[in-house]
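Residue-level listing of the chains:
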Amino acid sequence: MAEKLNVHVNENMPENQRLINFLNQELSNFAVLYIKLHRYHWFVTGKHFFKLHEVFEELYNEAAEDIDNIAERILAIGGRPLATMHKYIKEATIHEAQADDTEDEIVTQLSRDYQTIIDEIKEKGGKLAEEVNDQPTLDMLNELQGRLEKHVWMLTAFEGHLK
């Protein structure tokens, strides 16, 4: 009986490892996003300063929760979450903020970052979770996708107000 269990686990390891790798990539994206949102919170200027300052604080607090949830999910499925800035930057598919952007550039870039994560969940993450029949991870990814789609919608609507 134990031998069959080991064979079963070994057969699923490649798919599970691919899912863990994907989750570590998204963990890295949220870590980079967390720092980026702090930068935006601190350095935003312009006539929408007060509103954007508040929104960026809400978003970095949300990103902190997402970091914790993703890392704990990685642990729950037998993986090891990345936990250094060096590894986050190496694995992330979104990039650090590099300049003191204007408020419209900040909103546009943030919307693009969220869309990148949404696209990765749609194109890869959900499929990987389904391959290994990991419903809790799929649920987490679906919740993230839905919430980020709302952020993109709201940021896009706000962009229209900036022009």
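Residues numbered from 1 in each chain as written. Predicted model: local features only at pLDDT ≥ 70, side-chain atom pairs only at ≥ 80, totals over all residues. Heavy atoms only, no water.

**Quick word on the confidence of the model for the protein chain**
Working step 1: Mean pLDDT over the protein chain: 91, with 90% of residues reaching 70 or higher.
Working step 2: Across residues 1-10 the pLDDT falls below 50, and counting only partners more than four positions away or on other chains, this stretch makes 0 contacts in the model. (pLDDT = per-residue confidence, 0-100. Contact = heavy atoms within 4.5 Å.)

**Looking at the side chain of arginine 147**
Working step 1: Along the chain, arginine 147 falls in helix α5 (residues 135-162).
Working step 2: A polar contact of 2.8 Å, which involves the side chain of arginine 147, links it to the side chain of aspartate 66.
Working step 3: With near-sequence residues (within four places) excluded, arginine 147 lies in contact with Glu62 and Asp66. (Helix = DSSP H or I, 4+ residues; strand = E, 2+ residues; numbered from the N terminus. Polar contact = N/O pair within 3.5 Å; in protein donor to acceptor, adjacent residues only side chain to side chain.)

**What to know about the pattern of salt bridges**
Working step 1: According to the stated counting rule, one finds 8 salt bridges in the structure shown.
Working step 2: For the salt bridge of aspartate 134 with arginine 73, the shortest nitrogen-to-oxygen distance reads 2.7 Å. Taken together, the residues span a long stretch of sequence, with aspartate 134 in the loop between α4 (103-131) and α5 and arginine 73 in helix α2 (residues 49-76) at a distance of 61 residues.
Working step 3: According to the relative accessible area criterion, aspartate 134 is buried, its value standing at 9%.
Working step 4: On the basis of relative accessible area, arginine 73 is assigned to the buried category, the value being 18%.
Working step 5: Across the pair arginine 147 and glutamate 143 runs a salt bridge whose closest N-O atoms are separated by 2.9 Å. One end of the pair is arginine 147 and the other is glutamate 143, both in helix α5 and 4 residues apart, which spans about a single turn.
Working step 6: On the basis of relative accessibility, which here comes to 44%, the residue glutamate 143 falls in the partly exposed class.
Working step 7: Among the ionic contacts, a cluster of salt bridges with common partners joins Glu62, Asp66, Glu143 and Arg147. (Salt bridge = Lys/Arg side-chain N within 4 Å of Asp/Glu carboxyl O. Buried < 20%, exposed > 50% of the residue type's maximum accessible area, 1.4 Å probe, protein only.)

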